[in-house]
Amino acid sequence: MMKRLCLSLFVIVAVSAAAARGPLRPALLFAQQPQQQDEFIPIDQLPPQDQLPAAPLLVTAYSFVVLALFAYLISVARRLGVVQRELDRLQSDARRGRT
Amino acid sequence: MPKWFLPLAIVCGLMFAVAPILIANAPYESTMGLVQKIFYVHLPSALIFLLAAVVCGVASVRYLFGGNPRHDRIAWAAAELVVLFGIITLVTGPLWARKAWGVWWQWDVRLTASLMGWMVAVAYLLLRKYGGPGSDKLAAGLALFGMANVPFIYISVNYWRTIHPTTNVLPTLPVSMGFPVWFTFATFFLLFILLLRMRVRLEEQRAQLDALYLSVDA
């Protein structure tokens, strides 16, 4: 009986402690958060440390386009050259074989 | 190469030289500023990516039902261009999004479907390279899925919630921004025609080479 009473008391104390600590945690978290802005701020009016520079992204995009197209063009031209050389060699071999 | 190839290549080269001037002179978009200029290569490459997927799909259908090897060569050439213009679209898009949306990527329907379409084209090329005999028909079947994905990519932004702009943006652009984008599209389109012709020529020569080897062996 005594054991059961102690257990009930322990459970009540534990639940009460958790309930008492519960609301404190969000309050503490809220206090740690930076101050919220309540209206839209245009990107060019943000502080410099929050702004992402556009120029590197733009330069990367255009460089990638030019490099990708150029690389593909070179790749097709090289493959065409290899096949053409092999064709020429085979045709000349065939001609020599005939004569 | 056909007679039209060289004049078209010269015109395309000149257009590539003029396009950056038009893009530089286009006005800044009011909210995104400088980074919005990625739009002038992102949108044309995306349209050519979809066009190449359609060309690959149509040529594959004709090859499956007609058996003409020329259609197979066109499909193979177009699949490479799907990969090329697809990677341009998938790289320039996130570079723009990082600044405009604050994230590199969103798993929304258009972006995910575009990535899927690109991966189908990569799968097509891998199948052609390593698939062995019969891979041409199998790859042609795969290209149909790539083509079926195209309308889905295009209209998805109008039906599903996304932060990607809808298809209404292009027709409502002012001339000062619309002209450079259509000019760049025309340049990319000419380049697509030229690259497609070059790539088909490569396959024609390979077929000629195979025939020559067979005749030598015989």
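First, a word on what this report is: a plain description of the structure on this page.

Rules and cut-offs
- Residues numbered from 1 in each chain as written.
- Chains lettered and ligands numbered in written order.
- Predicted model: local features only at pLDDT ≥ 70, side-chain atom pairs only at ≥ 80, totals over all residues.
- Helix = DSSP H or I, 4+ residues; strand = E, 2+ residues; numbered from the N terminus.
- Buried ≥ 20, exposed ≤ 12 C-beta atoms within 10 Å, placed from the backbone.
- Contact = placed C-beta atoms within 7 Å.
- Axes fitted to C-alpha atoms, helices over the stretch in contact; angles between N-to-C directions.
- Parallel < 35°, antiparallel > 145°, perpendicular 65-115°, else oblique.
- Left-handed = near helix turned anticlockwise from the far one by under 90°.
- Nonpolar A, V, L, I, M, F, W, Y, C, P; charged D, E, K, R; others polar.
- Expected span 1.5 Å × (residues − 1).
- Core = buried A, V, L, I, M, F, W, Y, C linked by C-beta atoms within 7 Å.

**Examining the overall build of chain A**
Part 1 of the reasoning: The number of helices and strands found in chain A is three helices and zero strands.
Part 2 of the reasoning: From first element to last, N terminus to C terminus, chain A shows the α and β order α-α-α.
Part 3 of the reasoning: Within chain A, the fraction of its 99 residues that count as buried is 6%.

**Description of the overall build of chain B**
Part 1 of the reasoning: Helix and strand content of chain B: six helices and zero strands.
Part 2 of the reasoning: Ordered by position from N to C terminus, the α and β elements of chain B give α-α-α-α-α-α.
Part 3 of the reasoning: Taken along the three principal axes of its C-alpha coordinates, chain B extends 70 × 40 × 25 Å.
Part 4 of the reasoning: Relative to its 218 residues, chain B shows a buried fraction of 37%.
Part 5 of the reasoning: Here the analysis covers contacts within chain B between residues at least 6 apart in sequence; of these, 78% occur between residues at least 24 apart.

**Some remarks on the packing of helix α2 (residues 39-66) of chain B against helix α5 (residues 135-159) of chain B**
Residues and elements named next belong to chain B.
Part 1 of the reasoning: Relative orientation of the contacting elements α2 and α5 amounts to 140°, with a least axis distance of 8 Å. Compared by their axis directions, α2 and α5 come out oblique. Relative to α5, the crossing made by α2 is left-handed. The residues of α5 that touch α2, namely those facing Leu 50, Ala 53, Val 54, Cys 56, Gly 57, Ser 60, Val 61, Tyr 63 and Leu 64, are Lys 137, Ala 140, Ala 143, Leu 144, Gly 146, Met 147, Val 150, Ile 153 and Tyr 154.
Part 2 of the reasoning: Residues belonging to the contact of α2 with α5 are distributed by class as follows: 14 nonpolar, three polar and one charged.

**Some remarks on the interface of chain A and chain B**
Part 1 of the reasoning: Opposite the 23 residues of chain A that make contact, chain B presents 27 residues.
Part 2 of the reasoning: Looking at the side of chain A that touches chain B residue by residue, the classes come out as 18 nonpolar, two polar and three charged.

**Overview of helix α4 (residues 109-130) of chain B**
Residue and element names in this part refer to chain B.
Part 1 of the reasoning: Over its 22 residues, α4 extends 31 Å from the first C-alpha to the last, a length consistent with the 32 Å expected when each residue adds 1.5 Å.
Part 2 of the reasoning: Among the residues making up α4, those that are buried are Arg 110, Leu 111, Ser 114, Gly 117, Trp 118, Val 120, Ala 121 and Tyr 124.
Part 3 of the reasoning: The inward-facing, buried residues of α4 contact α2, α3 (69-100) and α5.
Part 4 of the reasoning: Residue Gly 132 follows α4 closely and has a positive phi angle near 75°.

**Thoughts on the nonpolar core**
Part 1 of the reasoning: Among the nonpolar cores identified, the biggest contains 56 residues, and Ala 52, Cys 56, Ala 75, Ala 78 and Val 82 of chain B are the most heavily contacted of them.
Part 2 of the reasoning: Residue assignment for this core shows that the elements contributing at least two residues are α3 (54-98) of chain A together with α2, α3, α4, α5 and α6 (175-217) of chain B.
Part 3 of the reasoning: If you tally residues by element for this core, the top one is α3 of chain B, at 15 residues.
Part 4 of the reasoning: With sequence-adjacent residues up to four places away left out, Ala 78 of chain B is seen in contact with Ala 52, Val 55, Cys 56, Ala 59 and Leu 196 of chain B.

It is worth stressing that arrangement in space is one thing and function is another; only the former is reported here.
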